[in-house]
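Examining the three-dimensional arrangement
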Amino acid sequence: MILTGSNDFKLINDSLPAGVNLLAVSKGHNHESIRKIFSYGQLDFAESRLQEAIPKKNNLNDLKQLRWHFVGTLQKNKVRGVIKEFEFIHSVDSLPLLERISRISQEEEKTPSIFLQVKFREDPNKGGFLKQDVLKSWSKIISLKNINLIGLMTIPPLALNSSQRKDLFCECRKFANHLELKDCSMGMSNDWQEAVEGGSTWIRLGSLLFGKRQI
Ligand SMILES: *Cc1c(COP(=O)(O)O)cnc(C)c1O
């Protein structure tokens, strides 16, 4: 199913329980597609590459209400640019990266809202903290300046079926509650319903909203 009209967008948006936010992942789509989704009332958009995001954001400069989220792998040399361009970073996958974000955020006088990306299953294709790493580094993590730590982000391994995904999402929700973090960024086009059942507060939808990637 691809949602192409405002009625479809409304259908999915209205079906979300209170407290579940929709993040429109616009990577691979141009600024005109973003304008269309914006015209349905969507304000939160996500990109996964800084170089792709900057020209689009420039084209959308007139839309001051938009909130930008970074969801891609964040390379060291892109940290400053991402801090300047994005209010939210969902993909902080290591302590050294978080420390770097803290240091550069202080220099830039910014305080980005941060999700720690956590891996709840072995997955050689994905980065992320292991649960025990988060626990071990917790006192350090919460001591860092200019970091608004709001939640955890997770992506299940591709091989998991629907009920295994839901179990993983529940595990993430439980761990976030244990850490007293409000948000869980989880669920994509193929598993957002399981994520909502598992306690997601941010579902990240790309292809379901925008169709196949164009760029
Ligand atoms: C691309 C991407 C999405 C959206 O994926 P779809 O399957 O197209 O919904 C969500 N989260 C991250 C981190 C992504 O890179």
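Given the structure is predicted, the values throughout are model-derived calculations rather than measurements. (Residues numbered from 1 in each chain as written. Predicted model: local features only at pLDDT ≥ 70, side-chain atom pairs only at ≥ 80, totals over all residues. Heavy atoms only, no water.)

**Brief notes about the site of the ligand**
- In the region of the ligand, the neighbouring residues are Val25, Lys27, Val71, Met188, Ser189, Arg204, Leu205, Gly206, Ser207 and Arg213.
- At 2.7 Å from an oxygen atom of the ligand is found a side-chain nitrogen or oxygen belonging to Lys27.
- Residue classes in the shell around the ligand are distributed as 4 nonpolar, 3 polar and 3 charged. (Near = heavy atom within 4 Å. Polar contact = N/O pair within 3.5 Å; in protein donor to acceptor, adjacent residues only side chain to side chain. Nonpolar A, V, L, I, M, F, W, Y, C, P; charged D, E, K, R; others polar.)

**Digging into unusual backbone geometry**
- At Asn146, a residue that is not glycine, the phi angle is positive and equals roughly 55°.
- With respect to the secondary-structure elements, Asn146 resides in the loop between α6 (131–143) and β7 (148–153).
- Taking the relative accessible area as the measure of exposure, Asn146 reaches 25% and is therefore partly exposed.
- Phi is positive for Glu180, close to 60°, though the residue is something other than glycine.
- Summarising the element assignment, Glu180 is placed in the loop between α7 (162–178) and β8 (183–185).
- We classify Glu180 as exposed; its relative accessible area is 73%. (Helix = DSSP H or I, 4+ residues; strand = E, 2+ residues; numbered from the N terminus. Buried < 20%, exposed > 50% of the residue type's maximum accessible area, 1.4 Å probe, protein only.)

**Brief notes about helix α5 (residues 95–108)**
- In this model, α5 (14 residues) spans 20 Å end to end at C-alpha, consistent with the 20 Å of a helix rising 1.5 Å per residue.
- Listing the buried residues of α5 in full gives Leu95, Leu97, Leu98, Ile101, Ser102, Ile104 and Ser105.
- For α5, the N-terminal capping position is held by Ser94, with its side-chain oxygen 3.2 Å away from the main-chain nitrogen of Leu97.
- Phi turns positive, to about 55°, at Glu109, one or two residues after α5. (Expected span 1.5 Å × (residues − 1).)

**As for helix α2 (residues 31–39)**
- By the burial criterion, the buried members of α2 are Ile34, Ile37 and Phe38. Taken down its axis, α2 places every buried residue within 105° of arc, on the same side. The exposed residues of α2 that point more than 90 degrees off its buried face are Glu32 and Ser39.
- The backbone nitrogen of Glu32 has a side-chain oxygen 3.1 Å away, supplied by the residue at the start of α2, namely Asn30.
- Following α2 by one or two positions, Gly41 adopts a phi angle in the positive range, close to 110°. (Arc of directions from axis to C-beta.)

**Digging into the confidence of the model for the protein chain**
- The predicted model of the protein chain averages 95 in pLDDT, with 97% of residues at 70 or higher.
- When mean pLDDT is taken per element in the protein chain, β8 scores highest with 99 and helix α1 (residues 6–15) scores lowest with 84. (pLDDT = per-residue confidence, 0-100.)

**Brief notes about the packing of aromatic side chains**
- What the rule picks out here adds up to 5 aromatic pairs.
- On the basis of an interplanar angle of 40° and a centroid distance of 5.6 Å, the ring pair of Phe9 and Tyr40 is categorised as tilted. Residue Phe9 is found in helix α1, and its partner Tyr40 is found in the loop between α2 and β2 (44–47); the two are separated by 31 residues along the sequence.
- Look at Tyr40 and you get partly exposed, because its relative accessible area is 22%. (Phe/Tyr/Trp six-rings, centres within 6.5 Å; stacked < 30°, edge-to-face > 60°.)

**Brief notes about the environment of Gly72**
- Along the chain, Gly72 turns up in the loop between β3 (67–70) and α4 (79–85).
- Linking Gly72 and Ser91, residues 19 residues apart in sequence, is a C-alpha distance of 6.2 Å.
- Not counting residues up to four positions away in its chain, the partners in contact with Gly72 are Glu47, Ser48 and Ser91. (Contact = heavy atoms within 4.5 Å.)

**Re the side chain of Arg173**
- Position of Arg173 relative to the elements: it lies in helix α7.
- Lacking a salt bridge, the buried Arg173 has Asp183 as its closest oppositely charged neighbour, with an N-O distance of 6.3 Å.
- From its side chain, Arg173 meets the backbone oxygen of Lys182 in a polar contact 3.1 Å long. (Lys, Arg positive; Asp, Glu negative; His and termini not counted. Salt bridge = Lys/Arg side-chain N within 4 Å of Asp/Glu carboxyl O.)

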